[in-house]
Amino acid sequence: MYARVWGCRGSLAAPGSDTIRYGGNTSCVEVRLDSGHLLVLDAGTGIRALGAAMEGEEDELHILLTHLHLDHLQGLGFFRPLFRPGADVHLWGPASPVQSLAERIAIYLSPPLFPVRLADIPAQLTFHNASEEPVTIGSATVRAESVTHQGPTVGFRIEEGDRSLVYIPDHEPSLGVELAQQPTAWISGCELAHGADVLLHDAQYGDHEYPNHVGWGHSAIEHVMSFADKAEVEHLVLFHHDPYHTDDELEALLIEAQRHRGTVDDHVRLAHEDMTIVLDDDGVSFSHATAPNAGMI
Ligand SMILES: [Zn+2]
Ligand SMILES: [Zn+2]
């Protein structure tokens, strides 16, 4: 399995001179399976460049939406494969008791918010409720689990062979509980993330910022470190960077994370655009895609 980060900013795109190293695009991660299948985790603004890099590629793909906040959906109408009539696009997202996934996405993909209606998208679209039961896609099994955030929200676990990648970009597992004291079975998302080789997880706030944002649906550094320890993950990638955080401030958050862990090693790192992750029989390796198509399979 190969993954590449196309956007790791939270809440709102934040381009500019002080977000160059980690990037300003909102959530989008490409996952290529050994079987050749493509999974796209969220459709934030990062999905635009992914779609542009995919010209001429095969047509079946799966877009896994953790939830429908705009920072995870806003790029969908700019994803070129949706405008190819032959494309077979599967959209997965959290179930809602009120409206179907298609109805909720159509709120955004319709005038006056967007000029093209969802029903007029040329690609063949198939909608699925994200399943808590494992679903086979190509050489992987994928399952979702509801997590604590604002509105219906899931995280995803992708397993291929002995390797696993877990993606929980928006998550406040500390809400109403003391994480360090809580049995793992009672911690939101902990079972989904348990033993993962790689966890990409919400790390929106510094510890000093969190008291002003309790209940907003995101994690402080203290919480994500405690969560990763409880879930016994191998590699933690701090994700969903606050749009107000500069590159320098993000690096200060990494130091805060290392202080919580008590060690400085490469098992905790900051997500950045063009980060690539290879998970295979040899283990896990991180790198940096140096050109738009570098590392693509
Ligand atoms: Zn978000
Ligand atoms: Zn959100």
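Here, every reference points to the structure presented above.
None of the values given here were measured: they were computed from a predicted structure. (Residues numbered from 1 in each chain as written. Chains lettered and ligands numbered in written order. Predicted model: local features only at pLDDT ≥ 70, side-chain atom pairs only at ≥ 80, totals over all residues.)

(A) Representation of the environment of F227. Take F227: it is sitting in helix α4 (residues 221–231). For F227 and G262, which are 35 residues apart along the polypeptide, the C-alpha to C-alpha distance reads 15 Å. The contacts of F227, once residues within four sequence positions are left out, are P173, L179, I187, C190 and H201. (Helix = DSSP H or I, 4+ residues; strand = E, 2+ residues; numbered from the N terminus. Contact = placed C-beta atoms within 7 Å.)

(B) View of the sheet that holds strand β14 (residues 275–280). Sheet architecture is open: eight strands sit in the order β6-β5-β4-β3-β2-β1-β14-β15, paired in mixed fashion. The two strands at the open ends of the sheet, each matched to only one other strand, are β6 (124–129) and β15 (283–288). In this sheet, adjacent strand axes meet at a mean angle of 20° when their direction is disregarded. Examined bridge by bridge, strand β5 (residues 88–93) and β6 share six bridges and lie parallel to one another. (Pairing = 2+ DSSP bridges. Axes fitted to C-alpha atoms, helices over the stretch in contact; angles between N-to-C directions.)

(C) The environment of L200, seen in detail. By the element assignment, L200 lies in strand β11 (residues 198–202). Take L200: there are 29 C-beta atoms within 10 Å of it, and that puts it in the buried class. (Buried ≥ 20, exposed ≤ 12 C-beta atoms within 10 Å, placed from the backbone.)

(D) Focus on helix α2 (residues 101–108). Among the residues of α2, those classed as buried are L101, R104 and I105. Along the long axis of α2, the arc covered by the buried residues comes to 95°, so they all point the same way. Each element contacted by the buried residues of α2 is listed here: β5 and β6. (Arc of directions from axis to C-beta.)

(E) Spatial organisation of the nonpolar core. Formed by 77 residues in total, the largest nonpolar core has its most connected members in V40, L165 and L199. Sort the elements by how many residues they give to this core and α4 lands first, with six residues. (Core = buried A, V, L, I, M, F, W, Y, C linked by C-beta atoms within 7 Å.)

(F) Structural view of the sheet that holds strand β10 (residues 163–168). Across the sheet, seven strands lie side by side as β7-β8-β9-β10-β11-β12-β13; this open sheet has mixed pairing. Every other strand in the sheet has two partners, leaving β7 (135–137) and β13 (268–270) as the edge strands with one partner each. In this sheet, neighbouring strand axes are inclined to one another by 20° on average, regardless of whether the strands run parallel or antiparallel. Two strands pair when backbone bridges link them, and strand β12 (residues 235–239) and β13 are joined in this way by three bridges, in the parallel orientation. By the bridge assignment for β13, V237 is matched with R269. Sitting on the sheet, α4 is in contact with β11 and β12, with an inclination near 150° to β11. Across the sheet, helix α5 (residues 247–261) is in contact with β12 and β13; its angle to β13 comes to roughly 170°.

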